[in-house]
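# Architecture and fold: a report
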Amino acid sequence: MLNRLRNKVLLPANVFLLALLFVVLVEAIVLSVRLQQPWVGVSLQIQGEQLVVTAVDGNSPLIGALEPGDVLAYLEFQGERIPLEKSLLVLPLTLRTYADIDVLLALQGRLQQAFRSNEPLVLITEDGWRSVFTPEPRTHIDGLPGVFWWLLFANVVGLMLGVIVWAYKPNTLEANSLLVASISYFVAESVFRITISKEFYLPPSLTTMLAGVEAAGFNLFMVSLFSILCYYPRRVAPHWLLPVMASVLLLHSVNYPMRWLEMPIHSFMLPIVPFVLYATWLFYKQWQGAIGNPLNRATLLMLQLSVLLPVWLIMLLHAIPVMLGGSAIIGDVATRTLLVAIFAGWAVGILRFRLFDIEYWWLKSLLWIAGGSLVVVLDLVLVAVFQTSTTYALGGAVLLAGFLYFPLRQWLLETLLPMERQPLLAALPAFSQVMAQATSLAEFEQRWRETLLQRLHPLHWEVYPEAISDTALSDNGMHLLIPTLAADQAYQFSGKQRASRLFNSVDVKNVNALLTIARMASSASETRQQAILQERQRIMRDLHDSLGAKLLTLTHKLTAPDDKEVAKQALMTLRDTIRLSLKNAPLKLEDHLADWRAEIADRADAAGVRLVWQQTGLFEQYRLTSKQVLEITQLVREVVSNALKHATPQVISLQFILKHAQLHLSIGNDGNVSDPREWQAGTGLNSLRERTRQLGGDIQFQLRDAPRPHNRVHICIPLQAQS
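Everything numeric here is computed off the predicted structure, so don't read it as measured data. (Residues numbered from 1 in each chain as written. Predicted model: local features only at pLDDT ≥ 70, side-chain atom pairs only at ≥ 80, totals over all residues. Heavy atoms only, no water.)

### Re the UniProt feature "transmembrane region" (unreviewed entry) in the chain
Here is the rule: UniProt positions are given in the numbering used here, feature names are shortened, and annotations may be inferred rather than shown by experiment. By the criteria applied, helices consist of DSSP H or I runs no shorter than four residues and strands consist of E runs no shorter than two, each listed in order from the N terminus.
Here, UniProt's "transmembrane region" (unreviewed entry) annotation points to residues 147–168, 175–196, 216–233, 264–284, 305–330, 336–353, 365–386 and 392–412. Along residues 147–168 one finds 100% helix and 0% strand; the C-alpha atoms at either end are 32 Å apart. Between the C-alpha atoms that bound residues 216–233 the distance is 27 Å, and the span itself is 89% helix and 0% strand.

As structure tokens, then:
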């Protein structure tokens with residue numbers, strides 16, 4: 001009952017509504033705090049060690065007194081000059097020591113006293129220009145800078161990504177962790193928006209409180225991401241590790257405002273560095289565990305690109321320069337924008353990325369990053385080593401990178417990307433040739449299946465229980481469902497490239513293209529076969545009506561027994577030829593054994609000869625083509641006819657033995673026997689040899705003494721087992 005109630009309440013629509021209410025509540029607090037601050041309408045920027053005016057609002061009390069480019073030096077209040085230093089725009093979390101923070105808070109306290117005095121203030125520029133002004137007591141909402149709203153949009157996007165994942169995959173560790181990460185990051189960045197959008201100062205007490213909340217929110221964000229790294233897609237860390245990490249970051253969050261312990265180099269950022277390094281190690285462990293599991297490996301590729309890349313860019317271009325006392329290469333707003341990208345990658349990865357093209361995207365992204373880095377490195381080398389001007393250095397770097405990078409990029413794409421990435425046109429000639437050699441629907445189907453196996457190299461394939469009309473992905477690219485040519489069944493391929501990759505939309509497109517071609521070839525062949533069959537039926541009917549009728553008349557008019565027998569045999573041969581020529585389906589060997597036995601038995605009885613028949617083997621496992629049946633029938637008939645005509649036997653024996661996929665036919669007769677080496681090769685012997693050759697077999701003639709003298713004809717014919 002409780003679960004049903006919870007599931008009913010936590011419908012995705014309700015979850016989204018709650019998330020929006022949370023955003024509205026937090027944003028109301030942020031605006032309330034931010035709009036209570038005095039407003040001057042001057043945008044400032046750090047350039048070197050100075051504060052430079054970048055813009056003056058049209059409603060600013062300093063309009064006409066300041067211009068973009070002016071360098072601020074002091075704020076004069078009650079005869080005291082308060083220095084306007086670059087530290088006013090530095091975020092508290094980026095300051096290295098607690099002493100630096102105290103200096104900032106003291107400076108902000110003096111500015112707060114001045115701005116809240118309701119007395120005219122004097123702003124003094126570096127060149128001595130004095131501007132008297134009275135700040136507005138509160139900030140108007142239209143006076144907030146554009147970066148304030150941009151960060152709001154980015155943070156809401158990050159929060160909603162976490163909410164969406166949780167709404168569709170609730171009660172899972174990874175979704176819960178991402179939800180906590182998105183909420184904590186939203187809170188921390190809401191604080192950051194207040195700090196980054198201030199003009200000259202924030203009250204010291206507010207600055208201290210906001211810094212503590214931002215630090216706690218950021219550390220909770222890190223713990224949440226670490227929980228995903230430890231246990232998703234599989235557990236690679238011991239159970240105790242996550243509580244230890246959470247405890248360490250909790251102490252770090254409390255230590256920062258309480259100032260129990262000051263870290264060397266940087267009080268806030270330095271403790272984060274080991275966690276970033278360990279996160280990279282966790283990715284490595286996850287990657288090792290994902291070998292042989294393409295779904296997990298593609299998930300990790302997505303996570304690696306979306307998390308490690310932004311984090312390491314922030315570390316190298318922002319955190320490390322700040323920790324070493326230098327200036328950050330990328331600003332605070334850029335770092336926050338990069339962090340928001342993490343949520344997109346995690347969301348797609350947890351939802352098992354419906355992109356299906358992650359590997360190709362991942363590799364090309366890395367190649368583009370490598371190409372850009374190569375240009376930067378070459379540019380710096382040309383400027384620093386060869387003293388080239390910056391203009392010519394950039395052009396030279398682009399040219400050199402083009403010569404070095406693009407051949408390497410092409411080689412990597414051709415080497416690392418799977419075979420199916422090759423243009424489909426390159427595979428069509430060979431595919432068309434393979435399909436054109438098929439002569440039956442079964443052979444078309446076999447060649448279609450073999451082509452797919454050769455191109456996709458699946459780990460496993462099986463017949464899918466349901467018929468489908470189009471190729472489709474299944475289980476997020478783990479399986480590929482492919483229709484048969486007749487569309488009466490389907491194949492399920494699992495684990496592309498021996499389970500090293502996932503099937504993707506390109507596979508679907510290429511297989512559908514090949515399927516269309518294969519069906520066209522099969523349909524054309526079927527139409528051709530039908531036309532041939534119809535023409536063959538017409539010819540057979542003509543033969544039966546004309547030649548057959550004449551042979552039948554001869555069997556009735558001829559009086560000599562030999563002539564009558566010849567006409568009868570010719571009529572039987574004609575009828576067999578017509579009957580078998582009209583059959584396309586394989587014929588059962590065991591059925592024709594019975595026909596042959598019945599015919600030979602009738603002829604032996606008519607001639608007063610005893611027939612000995614023997615057959616050994618699993619004949620039901622083999623099928624014969626109509627041509628094979630016709631040739632074997634003629635062989636048996638002609639050997640028996642020769643024996644009855646020339647040897648006057650008392651006994652005729654026939655043995656049919658199946659052994660090693662070969663049919664061994666042995667026909668013996670006693671009576672007037674002779675050495676086959678003394679036989680004169682005539683039309684009969686040549687005909688027997690030619691028919692055997694047509695069957696791909698071998699024929700031997702023997703004279704044996706035991707148990708009594710007799711001749712024996714041994715014929716060996718290769719067969720193909722029923723598939």
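### Quick notes on the environment of C230
Definition in use: Each residue gets one of three labels from its accessible area relative to the maximum for its type: buried under 20%, exposed over 50%, partly exposed in between, using a 1.4 Å probe on protein chains only. Throughout, a contact is declared for two residues whenever any of their heavy atoms are within 4.5 Å.
Of note, C230 is situated in helix α6 (residues 204–231). Judged by relative accessible area, which is 0%, C230 ranks as buried. When the C-alpha positions of C230 and Q286 are compared, they lie 8.5 Å apart, and in sequence the two are 56 residues distant. When neighbours within four sequence positions are excluded, C230 is seen to be in contact with R235, V236, A237, L241, L282 and Q286.

### Re a negative patch on the surface
We apply this condition: Think of a patch as exposed residues, more than 30% relative accessible area, with no salt bridge, where like charges cluster within 9 Å and nonpolar side chains (Val, Leu, Ile, Met, Phe, Trp, Tyr) cluster within 5 Å. Accessible surface area values rest on a Shrake-Rupley calculation with a 1.4 Å probe, where residue burial reflects the displayed protein chains alone. Salt bridge criterion: a side-chain nitrogen from Lys or Arg within 4 Å of a carboxyl oxygen from Asp or Glu. Charged residues are defined here as Lys and Arg on the positive side and Asp and Glu on the negative side; His and the ends of the chain fall outside this count. A single reference atom marks each charge: NZ on Lys, CZ on Arg, CG on Asp, CD on Glu.
A cluster of acidic residues, E590, D591, D595 and E620, forms a negative patch on the protein surface. In this fold, D591 is placed in helix α18 (residues 589–607).

### Observations concerning a nonpolar patch on the surface
Judged by side-chain polarity, L251, M258, W260 and L261 come together as a nonpolar surface patch covering roughly 470 Å² of accessible area. Looking at the element boundaries, M258 is found in helix α7 (residues 241–258). For M258, a relative accessible area of 48% puts it in the partly exposed group.

### Side note on unusual backbone geometry
Phi angles above zero are rare outside glycine, and I265 is one such case at about 70°. Its location among the elements puts I265 in the loop between α7 and α8 (272–289). The class of I265 is partly exposed, set by a relative accessible area of 43%. Located in the positive-phi region is H457, a residue other than glycine, with phi close to 45°. Here H457 shows up in the loop between α14 (441–456) and β7 (460–464). Looking at H457, the relative accessible area reads 34%, which means it is partly exposed.

### A look at the sheet that holds strand β16 (residues 698–704)
Quick note on the threshold: In short, DSSP must find at least two bridges between two strands for them to pair. Axis geometry follows a simple rule: fit a line to the C-alpha atoms, using only the stretch in contact for helices, then measure angles between N-to-C directions, giving values from 0 to 180 degrees.
Taken in spatial order, the 5 strands line up as β12-β14-β15-β17-β16 in an open sheet, and their pairing is mixed. Two strands bound the open sheet, and with one partner strand each, they are β12 (610–616) and β16. The mean inter-strand angle of the sheet, taken between neighbouring strand axes irrespective of direction, is 15°. When strand β14 (residues 651–659) meets strand β15 (residues 662–669), the two strands line up antiparallel, connected through 8 bridges. Bridge assignment links I652 to a residue of β15, and that residue is N669. Where helix α19 (residues 626–647) meets the sheet, its contacts fall on β14, β15 and β17 (710–718), and the angle it forms with β15 comes to roughly 15°.

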